Amino acid sequence: MAYKIKHYELAHLKPGMVLGKPVLNRHGRVLLTEGIELNQTLINRLMEQYVTMVAIREEHCYQNDRILLEDPGVFNYLGAVAEVRNLLKIVRHAKKIPVKQFKQLVETRILPIVESSAAINYLNIDRPREEYIFHHCVNVALLSGVIGKWLGYGKHEIANLTLAGLLHDIGKTQIPDEILNKSGKLTEREMQLIQLHSAHSYKLLSQTENLPFEVMISILQHHERLDGSGYPGHFQQSKIHVHARIIAVADVYDAITADRSYSNKATPFVAAEVLANNMFSKLDAAICTTFLEQFECFMLGNLVELTTGQRGEIIHLGSFLNLSPIIRCNNGDLVKLRDINQISHVRTFIIPEYKAARDGSSG
């Protein structure tokens, strides 16, 4: 029997309910793990820890609820990628950023996708290795905006966060292509040049007008890490702006799930595992928790291909601290995976008009 996850306020909890996801305190520490059956003592303990809402597991019969990307959304997404491609060429040669055009791109193409229910699934659209930077800018913008939405931000703040995500790697236009696209290991000098891209971004943007402080600082700091291991300033903890922390999560997730000049893409499950492993050291625990709690919602219904060659649909994921996907195979069999590496590929269900939208955006 598969099950769904439903969120309950503490006042509505009853003994006998089973936790569908771990319960964390305000510092990101696990209070109760997934699968624990609640009793009144545990419920009282959660109240003492000021927990307001928990996820409860409820059994249900699986219904086919495949993910479909809407035609306007696909058109907007691929159109955004095409526009970024053209705008980055302008920045590379003119060394100036057409901020007005980037803002318009956010408003007309990216924010409508952010507001859609299947927003994250656009990240699963296949992208050529040589097109990495263009898709990456759009994907980080999209994912940063969605995380902001999940965190309860207002529309203005989400727009600024999305714009910062779109511009976060703009400084890479000032780095030679032979370094950016190098397939082998970078030399120490080449790595130093790559790590200057966030500073290049900040310098380019400082020449423009009317960019909010949070946009500027989050772009400069998106490679900083809470333990001080990031760059360019090696800032720690509270010295890193919260918007930079959000973009960092979006940046890491999308980079892992993309084919790049020096690495092959991994599945979203591997990316989720990386975020979970780094959420108490390098990345913000609260932001990672918010993102990973939503991971189940936006992965359910997607097609996967297993290393065995079997194909099926995701109908259950488990806790982000203990991913245990259940796949409904094409022949009707249910397969519970013990290792996420048994999944070789994830595909989003896309409506037939996708090809026409893709072809129409290439001009």
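K.L.:
Before we move on, can you summarise the layout of surface pockets with the specific residues and values?
P.N.:
Each pocket or cavity is described by its volume, and for the largest pocket that value is around 1100 Å³. As for the largest pocket, its lining consists of 38 residues, of which Tyr 132, Lys 172, Leu 180, Arg 260 and Tyr 262 are closest to the centre. Where the lining of the largest pocket is concerned, the elements lending two or more residues are helix H2 (71-94), helix H4 (132-150), helix H6 (177-180), helix H7 (188-194) and helix H10 (242-256). Residues that form the lining of the largest pocket fall into these classes: 15 nonpolar, 11 polar and 12 charged.

K.L.:
I'd love a proper account of the nonpolar core, names of residues and values included.
P.N.:
One finds Ile 97, Phe 102, Leu 142, Leu 166, Tyr 253, Phe 269 and Leu 275 to be the most contacted residues of the largest nonpolar core, which totals 79 residues. Excluding residues within four positions of it along the chain, Leu 142 makes contact with Ile 110, Ile 113, Val 114, Ala 119, Tyr 122 and Leu 123. Ranked by size, the runner-up nonpolar core spans 14 residues in total, among them Leu 13, Leu 32, Leu 42 and Val 51.

K.L.:
Please set out unusual backbone geometry residue by residue, giving values where relevant.
P.N.:
The residue after Tyr 231, namely Pro 232, is reached through a cis peptide bond having omega 10°. Positive phi values are uncommon outside glycine, yet Lys 95 reaches one of about 55°. Mapped onto the fold, Lys 95 is located in the loop between H2 and helix H3 (99-114). Phi angles above zero are rare outside glycine, and Gln 237 is one such case at about 45°. Along the chain, Gln 237 turns up in the loop between helix H9 (213-221) and H10. Of the residues examined, Gln 237 reaches a relative accessible area of 45% and is grouped as partly exposed.

K.L.:
Please give an account of H10 that cites residues and values.
P.N.:
Here H10 is 15 residues long and its end C-alpha atoms lie 22 Å apart, about the 21 Å a rise of 1.5 Å per residue gives. Of all 15 residues in H10, 14 are buried, a share of seventy percent or more.

K.L.:
Explain the packing of aromatic side chains residue by residue, including any values.
P.N.:
Evaluation of the coordinates by the stated rule reveals 3 aromatic pairs. Ring centres of Tyr 253 and Phe 291 lie 5.1 Å apart, and the angle between their planes is 65°; on these two criteria the pair is classed as edge-to-face. On the criterion of sequence distance, the pair formed by Tyr 253 in helix H10 and Phe 291 in helix H12 (residues 285-299) is long-range, its members being 38 residues apart. Site record: aromatic cluster; members linked through ring pairs are Trp 150, Tyr 253 and Phe 291.

K.L.:
With reference to specific residues and values, describe the side chain of His 197.
P.N.:
Residue position: His 197 is located in helix H8 (residues 197-206). Excluding its chain neighbours within four sequence positions, the residues that come into contact with His 197 are His 168, Asp 169, Gly 171, Lys 172, Ile 175, His 222, His 223 and Tyr 231.

K.L.:
Got a sec to walk through the pattern of salt bridges? Specific residues and values, please.
P.N.:
Scanning the entire structure with this criterion turns up 8 salt bridges. One salt bridge in this structure joins Asp 169 and Lys 172, with 3.4 Å as the shortest N-O distance. This pair shows no difference in class: Asp 169 is buried, exactly as Lys 172 is.

K.L.:
Talk me through the confidence of the model for the protein chain; I want residue IDs and the actual numbers.
P.N.:
This prediction gives the protein chain a mean pLDDT of 82; 88% of its residues lie at or above 70. Per-element mean pLDDT across the protein chain ranges from 40 in helix H13 (residues 354-360) up to 95 in helix H5 (residues 155-167). Below pLDDT 50 for its whole length, residues 60-66 participates in 15 contacts with residues either more than four positions away or in separate chains.

K.L.:
Summarise the side chain of Lys 172; cite the residues concerned and give the values.
P.N.:
By the element assignment, Lys 172 lies in the loop between H5 and H6. Lys 172 has contacts with Arg 92, Ile 133, Leu 180 and His 197, leaving out every residue within four places of it along the chain.

K.L.:
Account for the environment of Thr 290, naming residues and giving values.
P.N.:
Summarising the element assignment, Thr 290 is placed in helix H12. With a relative accessible area of 18%, Thr 290 lands in the buried category. Taking the C-alpha atoms as reference points, Thr 290 and Trp 150, separated by 140 residues in sequence, lie 7.1 Å from one another. Ignoring any residue separated from it by four or fewer positions in sequence, one finds Thr 290 in contact with Trp 150 and Leu 151.

K.L.:
Describe in detail the packing of H4 against H10, supporting the description with residues and values.
P.N.:
With their axes 9 Å apart at the nearest point, H4 and H10 run at an angle of 135° to one another. In terms of orientation, H4 and H10 fall into the oblique class. The two elements H4 and H10 meet at a crossing, and its hand is right-handed. The residues of H10 that touch H4, namely those facing Tyr 132, His 136, Asn 139, Val 140, Leu 143, Ser 144 and Ile 147, are Ile 246, Ile 247, Val 249, Ala 250, Asp 251, Tyr 253, Asp 254 and Ala 255. Per-class residue counts for the contact of H4 with H10 are 10 nonpolar, 3 polar and 2 charged.

What counts and how
- Residues numbered from 1 in each chain as written.
- Predicted model: local features only at pLDDT ≥ 70, side-chain atom pairs only at ≥ 80, totals over all residues.
- Heavy atoms only, no water.
- 1 Å grid on protein atoms, 1.4 Å probe; cavity = no way out; pocket = protein on both sides within 12 Å on 5 of 7 lines; lining within 4 Å.
- Points joined across faces, edges and corners; volume = space filled by probe spheres on them.
- Helix = DSSP H or I, 4+ residues; strand = E, 2+ residues; numbered from the N terminus.
- Nonpolar A, V, L, I, M, F, W, Y, C, P; charged D, E, K, R; others polar.
- Core = buried A, V, L, I, M, F, W, Y, C linked by side-chain atoms within 4.5 Å.
- Buried < 20%, exposed > 50% of the residue type's maximum accessible area, 1.4 Å probe, protein only.
- Contact = heavy atoms within 4.5 Å.
- Expected span 1.5 Å × (residues − 1).
- Phe/Tyr/Trp six-rings, centres within 6.5 Å; stacked < 30°, edge-to-face > 60°.
- Salt bridge = Lys/Arg side-chain N within 4 Å of Asp/Glu carboxyl O.
- pLDDT = per-residue confidence, 0-100.
- Axes fitted to C-alpha atoms, helices over the stretch in contact; angles between N-to-C directions.
- Parallel < 35°, antiparallel > 145°, perpendicular 65-115°, else oblique.
- Left-handed = near helix turned anticlockwise from the far one by under 90°.

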